[in-house]
Every structure is written in structure tokens, then in C-alpha cells.
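Results of the structural survey
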Amino acid sequence: MTLKDRIVSREAKVAVVGLGYVGLPLAVRIAEVGLRTHGIDVNAARVGRINEGVSDIGDVDSADLAPHVSAGTLSAHTDFSVISEVDAVIICVPTPLSKTRDPDISFIVKATESISPFIRKGQLFVLESTTYPGFTREVLGPTLEQASGLTAGVDFEVAFSPERIDPGNERFGVRNTTKIVGAMTEGGGEAVQALYETFIDTVKVVSSPDAAEMVKLLENTFRAVNIGLVNELAVMCHKLGLNTWEVIDAAATKPFGFMPFYPGPGLGGHCIPIDPLYLSWKLRSLNYQARFIELADSINTGMPTYVVRLVQDALNDAGKATRGSKVLVLGVAYKNDIDDYRESPAIDVIDLLAAKGADVDFYDPYVPKYVEAGTEHEGIADLSELESYDAVVIATQHKAFDYGEIVERAQLVVDTRNATRDIQTNRDKIRLL
Ligand SMILES: NC(=O)c1ccc[n+]([C@@H]2O[C@H](COP(=O)([O-])OP(=O)(O)OC[C@H]3O[C@@H](n4cnc5c(N)ncnc54)[C@H](O)[C@@H]3O)[C@@H](O)[C@H]2O)c1
């Protein structure tokens, strides 16, 4: 029986390596369609919780996970030996940037080393972690070959399929977000298409893993560049005395040729601030400077400083110095209504304000505390002393905040998200980005 036959007949077993924001929803979805699914993660505490039917990923309800665990369709492991039993291995480990803002592929390398002793003929390996074009073909395939003594495209198949998960998105999840797949051989393409079609509504096959890698980087670069554009628009509107949000919303009434993007305190999350730099890094090695990416990165990473400048100016207008002022940052998550604070610009805003001598607190119902460079920072427990802050900075537009009450009680509000758009009274207290 071929791999494709095993997939089509639902006899195939799948391993998902890395059970985070991407891997856990994927593993649950695969188990949902009845394929025996093994999750593997180096985080023993997370593995333990999953085996108790408890999810710590916002997009996965424990109620959706637990039935598959009790039915024995889904189990989690720290031990990689289960790889030898499965037909397909999907790798979803982190791909961050190093301190020098270059690709850090160490998690993929580590995961591959752990997988290697258990590779056998006939398996399919799919990488979902974002990476630069060429990585799957030039690095992952040869590494698996070297470790196993087998040949990619002959003894086993290798493919790339970019993850498109959008945490907190209630409309589009794993099942109904079209999935791109690109394999090293035609047979690999058929196998990976067959696998993903068992649990995803629409699968689009591209000609190579490199093309699939580039698709992901185009998508994220598109966002990073457009957000860079509107962040610069915000700076320009400020200089011109215009309301950025009014301008964007009015432009968005055009029914064709325009798509609204909104400014903010900077880029956050595991993808948009990072992935385009994988592409510019790769292009640098080919002696080409990816100018749009680098310009957008420079504008976007400058936004926390710009926001701090707005806070300083607003305090100054109120006759107060930043040093010694009490500032409350509302929202630390990188986007609304989720608990993920990776790369969150709110943390940069907090650090920059503190560096200016402000006495900074934060409040986020989703992120009661965060860890940065090994140090834990704890937020305030509630907004009972809101009036005591000289300035309040809205960094994340959580729906849980009552913006009317915040504006009424705060002395001064710097709103980086236009979260106060519907508030009619006390508008003189509000400074918009
Ligand atoms: N979070 C998103 O919104 C998102 C969206 C699209 C793409 N991606 C990409 O998907 C990949 C995974 O991101 P994520 O957000 O799920 O990360 P995550 O940090 O939430 O999860 C990664 C998991 O991998 C585990 N892990 C680390 N090293 C491992 C190893 N050697 N073996 C096994 N497990 C290991 C970690 O313990 C963690 O549980 C990244 O490349 C990211 O760029 C993420």
C-alpha cells in the first residue's frame, strides 16, 4: 500500500512536532478527521496537560481536545521514538530571529536531529515553520538524508506547507483556510496534497517547496510593507494636523484598488515582524538588498519610539515631565483578544517609557504577567486606580476594555489603535496615533 493509499483510507498515522499556536490546532484538526495523531513537544509540562485533555493555546478549547485524547486518537509525547510508527511528520517548531536579527533555524535543526534516528522508508516530512526560500530543499531534505542514509524523493518525501493560522480569528481556522503545499517530487506533491485534503477544505499545490516558502513570505511581507506604509502615513498626518484614521477609513470606501491597513505601536507576533527578514537575509546572500522589506522594518520598529514621543509631548502639554510621571499601558498582547505577547511592541513602549524615567504599569486581562529577557513583569490587577495615572496608553485594543469608562476616568489617553473612535465625550483628553 502506498503512502497516498494509506492516507486516503485513513490508515495513515501522523506526528506533529511542536504543539504551540500552530501545531496544537493542527493536531486536533487531524485527529478530528479520524487519523491517529501523535503530538511531540520538548515542553514536558505542555505534553502532560495535553494528555490530560487540557489546552493552553487560546484557539483550542479543551472541550475540543479532550474527546480525542480520551478516544486515543490524539496523544502527546516528549519521546520522538513514536516517529518510527507514523506515515507523515509535520514540523511546527519556532523560527525566530537571532540577536543579530538573522534567521534562527536552531529549533528546526534540533527537531530534525531528534527525528532522525526514527526515519524509515515511505514516510512524508512536511515543514510548516516559516523559513527562507530554499531551506526545505537545501537544508531539511539533505539533513534527513544524511541522518538516515536514505534518499529524499525516493525513499521518503519532503514538502513545505506554510502555516496561515491567525490566532483569535473566529471565521478562519485550520479547516477553512486554503493550504499551500509544495514538495520536492511529483509523488511527494501527491502525497502531501492527499494528506492535507483529508482535513483541510482546499489545498493548492505549487511546483516546489521553494515556491511554497516564498508564498508565505510574500503574504507576510505584504502585510509588513502595508503596515509600514500606514505607520508612515500616521507620522505624516500628524505633521499635517490630520486624523490618520479618518483618512484611511475614507480611502477604504473605494470599492476597488484599495485595501485598508491600520497603524499601531509597531509590529508584533511570531510572523509579521520576523518572516520578511528571513527573505531579506536570503537575498543578502545573493547580493541583493530587499529594499521594501528593510524600509518597512525600519519604520515599523521605530513606532514604539514614536508612540513614546507622543506620550512625552502629551505630558509636556499638561505641564508634566516624563520622568516621574505615572503611565499605564493598556494591553501587552500583540493583537486584540489573545494572550500572545511575542514581539509585542507594547513591551518596547513600556521599556522606552521606563528608560525615560516614567513610572510604568501595565494592565492586560489576557496577559497578567510577561517574561522578557528572563525577567518576569507583573501587571496591575485591575483598573481601580486608573485616575492616578498621568497618562494611559492604549497599546492593544482588547474588546474587554470599556473605552468610555477609561476615557472618562483617565487624565490623558494616548490611543495607538483608535480604540476610542466611538467615544464622543472628553475627546480633548485623547491623543490619537
Ligand atoms: N503563531 C502564529 O500565529 C503563526 C502563524 C503562521 C506561522 N507561524 C510559524 O509556525 C511556526 C511555529 O510557531 P508557533 O507560533 O506555533 O510557535 P510556538 O512557540 O507557539 O510553538 C512551538 C512549539 O514547539 C516546541 N518545540 C520547540 N523546539 C522543539 C523541538 N526541538 N522538538 C519538538 N518541539 C519543539 C515548543 O515547546 C512549542 O510548544 C513558526 O515558524 C512560526 O513562524 C506561526
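Everything here concerns the structure above.
Structural notes, computed from the coordinates. Each chain has its residues counted from 1, running along the sequence as written. Local features in this predicted model are restricted to residues of pLDDT 70 or higher, and side-chain atom pairs are both shown and tallied only at a pLDDT of 80 or more, whereas totals for entire chains, interfaces and linings draw on every residue.

1. Focus on the overall build of the protein
Secondary structure is summarised from DSSP: a helix means a run of H or I of at least four residues, a strand means a run of E of at least two, and numbering begins at the N terminus for each. Within the protein one finds 14 helices and 15 strands. What you see for the protein is a C-alpha radius of gyration of 24 Å, in line with the 22 Å of a compact globule of 433 residues. Taken along the three principal axes of its C-alpha coordinates, the protein extends 75 × 50 × 40 Å. Here exposure depends only on C-beta density: within 10 Å of a residue's C-beta, 20 or more other C-beta atoms make it buried, 12 or fewer make it exposed, and intermediate numbers make it partly exposed, the C-beta atoms being placed from the backbone. Within the span of the protein, comprising 433 residues, buried residues form 47% of the whole. Note on contacts: residues are paired as contacts if their backbone-placed C-beta atoms lie within 7 Å. Restricting to contacts in the protein with at least 6 residues of sequence separation, those with at least 24 account for 68%. Using C-alpha atoms as the atom set, the radius of gyration is obtained and then compared with a globule rule of 2.2 Å times the number of residues to the power 0.38.

2. What to know about helix 12 (residues 303-317)
Each residue after the first adds 1.5 Å to the expected span of a helix. Taking 1.5 Å of rise per residue, 15 residues should cover 21 Å, and helix 12 covers 21 Å from first to last C-alpha, within 8% of that figure. Remark: Gly-319 follows helix 12 within two positions and exhibits a positive phi of approximately 80°.

3. Regarding the nonpolar core
Definition of nonpolar core: a set of buried Ala, Val, Leu, Ile, Met, Phe, Trp, Tyr and Cys residues joined via C-beta atoms within 7 Å. Core analysis: the biggest nonpolar cluster contains 80 residues, and Val-17, Val-89, Ile-90, Ile-91 and Leu-124 have the highest contact counts within it. If you tally residues by element for this core, the top one is helix 2 (residues 23-32), at six residues. Note that the domain bounds reflect an automated or database-derived domain assignment. Taken together, domain 1 (3-207) and domain 2 (209-301) each give at least three residues to this core, which thus spans both. Discounting residues that sit within four places of it in the chain, Leu-124 has contacts with Leu-3, Asp-87, Ala-88, Phe-156, Glu-157, Ala-159, Gly-188, Ala-191, Val-192 and Leu-195. Ranked by size, the runner-up nonpolar core spans 48 residues in total, among them Tyr-334, Val-349, Ile-394 and Leu-432.

4. Section: the sheet that holds strand 14 (residues 413-415)
Within a sheet, each strand pairs with its neighbour through backbone hydrogen bonds, oriented either parallel or antiparallel. One open sheet accounts for five strands, arranged 10-9-13-14-15; its pairing is parallel. Both edges of this open sheet fall to strand 10 (359-363) and strand 15 (430-432), since each of them pairs with a single strand only. Across the sheet, the mean angle separating the axes of adjacent strands is 20° when strand polarity is ignored. Pairing between strands is defined by DSSP: at least two bridges between them are needed. When strand 13 (residues 391-394) meets strand 14, the two strands line up parallel, connected through three bridges. Within strand 14, the position partnered with Ile-394 by the bridge is Asp-415. Only the contacting stretch of a helix is used when fitting its axis, a line to C-alpha atoms as for every element, and angles between N-to-C directions run 0 to 180 degrees.

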